[in-house]
Amino acid sequence: MQSNQDRLISDLKKLKEYYKKHQKQSDITFDYIGFYVLDKLAIDLLGFSFEPFSVFEDPNEIQSLFEKMSCQEINSFNTFMRDNYEDLFALFNKLNKYLIKIDYPTLPFYKLINGYSEKDFTDILLSFFSRYGNDMYKLVKKYMDEDRIVMSYNHKIGEENSTAMHIGSKKLKSGYIIMQHRRYNDLSLSSLVHELGHAYDRESFIYPQQKKLREFEDYFIEVPSSYFELEFYDYLIEQGIHVDGANILKNDRYTYMDDAFPAVCSTDKSFFEQREPSIILNIENYEARSKVRKEIIYGIGIYTALHLQYLRENMSYKEFMKLFYDFISLRKERTLQSSIEGLGINYEDFINGTIAYPKIEESSLSLKRRFKIYE
């Protein structure tokens, strides 16, 4: 899977022409970052830049605006953390104690992960997403047919050096997926499912609704992608495609939730006070805050996705999709508590693990039986 270079060039030309004519601050703050990040992709894949800053009379002014946006986004996340610190502390502290109590296994047995031909890889992907309606299926087909998925990407991905990422533009209403994975296997397949979850979220909700909700501010940004990823593991198990690989990778996701424990419980609440730009823009400080945010956001994302799975198992598809749609589309307007209660889930049950813990224990017992891990 490689990108269509002509399409990438065409997309970047469109964005450059747009910003030559639209230079209001509202235009720039809304989506200029999409142009900037896609240009980085062009540099890596094509070897040249479209020089996004060259469209402005004063590039330094734009750089200052970017810095201001970064500060606003971090302080917005700080506000979320201060408002919800006690609840998140309780959630991840209890979760950590529970995982220790049941001796949840850590099984990085990646040698047991299955490999696929490219045809089987794509057939499994399309078969899975066909369960979520025609719009979802068409979106996945678009990314495949238009060569918007790049595997074997040989460059750094994101500030946290991830292995996969969805890069999109609100103006283009679409994007690309880049992945460092080189083989067609359970790991690369589940990673692609996760990123297609981001594509679905952005192209079905964020872009059409023109939501001015930037990534650093969106504490539920990993929920849709994590939901599809966890559902995919269960799909591999239910269909008997590769039970061991799916269980190992699902286990890896569950244990990843626990990374939020030190990010919250070992970080004093004062860390999330409003900060001056000179402090936030310090490279070491910015990287530290990005790391803490990433661990918290992934923890919230996977933990909330477990609850979505529970709802899907206990209601009709139509009922669930309405709740799922409302949850995603209203997340900017709702608080953490009102978002969870909007799903019909008691907030105290959410914090205390009433729904999540049985699902985690089920996975733990399955792994222990399969790999004969006994106390």
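Residues numbered from 1 in each chain as written. Predicted model: local features only at pLDDT ≥ 70, side-chain atom pairs only at ≥ 80, totals over all residues. Heavy atoms only, no water.

Q: So what's going on with the side chain of E295? Which residues, and what values?
A: In this fold, E295 is placed in helix 11 (residues 283-313). Every residue in contact with E295, bar those within four places of it in the chain, is listed here: D259, A260 and A263. (Helix = DSSP H or I, 4+ residues; strand = E, 2+ residues; numbered from the N terminus. Contact = heavy atoms within 4.5 Å.)

Q: Summarise the packing of aromatic side chains; cite the residues concerned and give the values.
A: Going through the model one piece at a time under the given rule, you end up with 39 aromatic pairs. Pairing Y18 with Y19 gives two aromatic rings, centres 5.0 Å apart and planes at 85 degrees, and the pair type is edge-to-face. Take Y18: its relative accessible area is 22%, and that puts it in the partly exposed class. The class of Y19 is buried, set by a relative accessible area of 0%. Three or more aromatic residues joined by ring pairs form one cluster here, namely F128, F129, Y132, Y200, F205, Y227, F228, F232, Y235, F320, F324 and Y325. Of note, R148 hangs over the ring of Y176, and the distance from its end group to the ring centre comes to 5.0 Å. In this structure, R289 is placed above the aromatic ring of F271, and the distance from its NZ or CZ to the ring centre is 4.2 Å. (Phe/Tyr/Trp six-rings, centres within 6.5 Å; stacked < 30°, edge-to-face > 60°. Buried < 20%, exposed > 50% of the residue type's maximum accessible area, 1.4 Å probe, protein only. Lys NZ or Arg CZ within 6 Å of the ring centre and 35° of its normal.)

Q: So what about the nonpolar core? Which residues, and what values?
A: Membership of the largest hydrophobic core comes to 91 residues, with the highest contact counts inside it found for F129 and I360. It is helix 11 that provides the largest number of residues to this core, a total of eleven residues. When near neighbours in sequence (up to four residues on either side) are disregarded, F129 contacts M136, Y137, V140, V193, L196 and F228. Core analysis: the next-biggest nonpolar cluster, separate from the first, contains 24 residues, F35, F66, M69 and I167 among them. (Core = buried A, V, L, I, M, F, W, Y, C linked by side-chain atoms within 4.5 Å.)

Q: Explain unusual backbone geometry residue by residue, including any values.
A: Although it is not a glycine, E51 sits at a positive phi angle of roughly 50 degrees. For E51, the location among the structural elements is in the loop between helix 2 (25-46) and helix 3 (59-101). Its identity is not glycine, yet K173 carries a phi of approximately 60 degrees, on the positive side. Tracing the backbone through its elements, the reader meets K173 in the loop between strand 2 (164-169) and strand 3 (174-179). For K173, a relative accessible area of 47% corresponds to the partly exposed category.

Q: A description of the packing of helix 8 (residues 243-257) against helix 15 (residues 356-370) should follow, citing residues and the corresponding values.
A: In the contact formed by helix 8 and helix 15, the axes pass within 10 Å of each other and the chain directions differ by 135 degrees. With respect to their mutual orientation, helix 8 and helix 15 come out oblique. You can see that helix 8 and helix 15 cross each other, and the crossing is left-handed. On helix 15, the residues that touch D244, N247, I248, K250, N251, Y254 and M257 of helix 8 are K359, I360, S363, S366, L367 and R370. Among the residues making up the contact of helix 8 with helix 15, the classes are represented as five nonpolar, four polar and four charged. (Axes fitted to C-alpha atoms, helices over the stretch in contact; angles between N-to-C directions. Parallel < 35°, antiparallel > 145°, perpendicular 65-115°, else oblique. Left-handed = near helix turned anticlockwise from the far one by under 90°. Nonpolar A, V, L, I, M, F, W, Y, C, P; charged D, E, K, R; others polar.)

Q: Could you give an account of the side chain of N251, with specific residues and numbers?
A: Examined against the element boundaries, N251 turns out to sit in helix 8. Assessed through its relative accessible area of 1%, N251 is described here as buried. At a separation of 3.5 Å, a polar atom in the side chain of N251 contacts the side chain of Y104. (Polar contact = N/O pair within 3.5 Å; in protein donor to acceptor, adjacent residues only side chain to side chain.)

Q: Pulling in residues and values, what's your account of the confidence of the model for the protein?
A: With 94% of its residues at a pLDDT of at least 70, the protein reaches an overall mean of 89. The element-level mean pLDDT for the protein is lowest in helix 10 (residues 277-280), coming to 76, with helix 14 (residues 347-352) highest at 98. (pLDDT = per-residue confidence, 0-100.)

Q: Lay out the pairing of strand 2 with the relevant residues and their values.
A: For strand 2, the buried fraction is high: five of the six residues fall into the buried class. Two successive antiparallel strands, strand 2 and strand 3, enclose a turn made up of four residues, where K173 displays a positive phi of approximately 60 degrees. (Pairing = 2+ DSSP bridges.)

Q: Describe the sheet that holds strand 3, and please don't skip the residues or the numbers.
A: Across the sheet, which stays open at both edges, the three strands sit in the order 1-3-2 with mixed pairing between neighbours. The open sheet has two edge strands, strand 1 (149-150) and strand 2, and neither has a second partner. One ladder, built from six bridges, connects strand 2 with strand 3; its direction is antiparallel. Paired with M165 across the bridge in strand 3 is I178.

Q: Before we move on, can you summarise the pattern of salt bridges with the specific residues and values?
A: Enumeration over the complete set of coordinates arrives at 18 salt bridges. Of the charged contacts in the structure, one is a salt bridge between K141 and D145, with a shortest N-O distance of 3.4 Å. Of this pair, K141 and D145 both sit in helix 5 (residues 134-145), four residues apart, roughly one helical turn. Between E203 and K142 there is a salt bridge whose closest N-O contact spans 2.6 Å. Here E203 is found in helix 6 (residues 186-209), whereas its partner K142 is found in helix 5, with 61 residues between them in sequence. E203 gets classed as buried once you look at its relative accessible area, which sits at 14%. Taking relative accessible area as the criterion, K142 reaches 21% and is therefore assigned partly exposed. Taken together, the shared-partner salt bridges connect R7, D11, E146 and R148 into one network. (Salt bridge = Lys/Arg side-chain N within 4 Å of Asp/Glu carboxyl O.)

Q: Hey, could you go over helix 5 for me, with residue numbers and the actual values?
A: Over its twelve residues, helix 5 runs 16 Å from end to end, which matches the ideal 16 Å to within 8%, given 1.5 Å per residue. Among the residues of helix 5, M136, L139, V140, Y143 and M144 are the ones counted as buried. The buried residues of helix 5 occupy an angular sector of 135 degrees when projected down its axis, which confines them to one face. Opposite the buried face of helix 5, at more than 90 degrees from it, the exposed residues are D135 and D145. (Expected span 1.5 Å × (residues − 1). Arc of directions from axis to C-beta.)

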